[in-house]
Amino acid sequence: MLVLSRQRNESIIIGDNILVTVVDIRGDKVRLGIEAPSEIPVHRKEVYEAIKQENLRAAQLDPADTHPLTRAETSEPPGPSNASPS
Amino acid sequence: MWIATTRFGPIQFEPEDVIQFPEGILGLPCCRDWLLLADVRNQSLAWLQSVDRPEVALCVVSPRRFVPNYQVRLSRRELEPLKLQDVQSAEVLVIVSRSGGYITLNLKAPLILNLSGGLGRQVICYGDQPIQYVAASLTPALRKSA
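First, a word on what this report is: a plain description of the structure on this page.

Conventions used here
Residues numbered from 1 in each chain as written. Chains lettered and ligands numbered in written order. Predicted model: local features only at pLDDT ≥ 70, side-chain atom pairs only at ≥ 80, totals over all residues. Helix = DSSP H or I, 4+ residues; strand = E, 2+ residues; numbered from the N terminus. Rg over C-alpha atoms; globule rule 2.2 N^0.38 Å. Buried ≥ 20, exposed ≤ 12 C-beta atoms within 10 Å, placed from the backbone. Contact = placed C-beta atoms within 7 Å. Pairing = 2+ DSSP bridges. Nonpolar A, V, L, I, M, F, W, Y, C, P; charged D, E, K, R; others polar.

1. Some thoughts on the overall build of chain B
Next, step 1: For chain B, the helix and strand inventory stands at zero helices and 11 strands.
Next, step 2: In sequence order, chain B lays out its α and β elements as β-β-β-β-β-β-β-β-β-β-β.
Next, step 3: Taken against the 2.2 N^0.38 rule, which gives 15 Å for 146 residues, the C-alpha radius of gyration of chain B at 16 Å falls within 12% of a compact globule.
Next, step 4: Looking at chain B as a whole, 35% of its 146 residues qualify as buried.

Below you can see the structure in the form of structure tokens.
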């Protein structure tokens, strides 16, 4: 891994068009500003990983398991039952 | 054109039916071309069927049917690649999954589609939206009122 030291308000540039700036440093927390073209997704890694896992799990869904969704839609989602039609 | 899907059998489609996700979908980066199929047995569902991989399909629903106050909070830049005429023409779908005995919806990372432009993108929205919102239980609650 390439390791670079940067101070507040200093940046690194990745390729021609991704700019990462150290906006603030407080204790063990660093705030980064990222400028990248809109077609390049930028995410927190733990959120990215969680969504990746969820997508892979979703791709395993058995169509036969989806039948409760009709009920969930016509009645209220889980919670106290009530009979107010939407 | 034909695709022999593992779940739904052979499906015929036209090139203009294809919805392209230029970045792929997280975890499924090689699946860029998809078809949106209605579920004949359950009209509240649809399936995004991968054109590239016949065994890959994602069940999707319109989130407001299940979560009436659901809102997608995004920066406008996230929508730019979709080339939408206007924001109102965006179609929002969420992916259905199963976690244990529950059917869940991924409200954190919805799919935004430009159906007329044939483009889609999975986005991650701001705020505390659950990745696994429990929409239904696989074990029926025996609580039906008359």
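Having seen the model, we can carry on.
2. Observations concerning the overall build of chain A
Next, step 1: Of the regular secondary structure elements, chain A holds two helices and three strands.
Next, step 2: Buried positions account for 12% of the 86 residues belonging to chain A.
Next, step 3: By sequence separation, contacts in chain A at least 24 residues apart represent 0% of the contacts at least 6 residues apart.

3. Here's the deal with the pairing of strand 6 (residues 57–61) of chain B
Residue and element names in this part refer to chain B.
Next, step 1: With five of its five residues buried, strand 6 lies for the most part within the structure.
Next, step 2: With burial as the criterion, each face of strand 6 is covered, one bearing Ala57, Cys59 and Val61 and the other bearing Leu58 and Val60.
Next, step 3: Relative to strand 6, strand 5 (residues 46–50) is paired through four bridges, and the arrangement is antiparallel. Residue pairing across strands places tryptophan 47 opposite cysteine 59, the latter belonging to strand 6.
Next, step 4: With antiparallel pairing between neighbouring strands as the criterion, strand 5 and strand 6 make up a hairpin whose turn holds six residues.

4. Looking at the interface of chain B and chain A
Next, step 1: Opposite the 36 residues of chain B that make contact, chain A presents 32 residues.
Next, step 2: Secondary structure elements with two or more residues in the side of chain B that touches chain A: strand 6, strand 7 (91–99) and strand 11 (133–137) of chain B.
Next, step 3: A per-class count over the side of chain B that touches chain A returns 21 nonpolar, seven polar and eight charged.

5. Points about unusual backbone geometry
Next, step 1: Phi is positive for asparagine 9 of chain A, which is not a glycine, with a value near 70°.
Next, step 2: Relative to the assigned elements, asparagine 9 of chain A resides in the segment before strand 1 (11–14).

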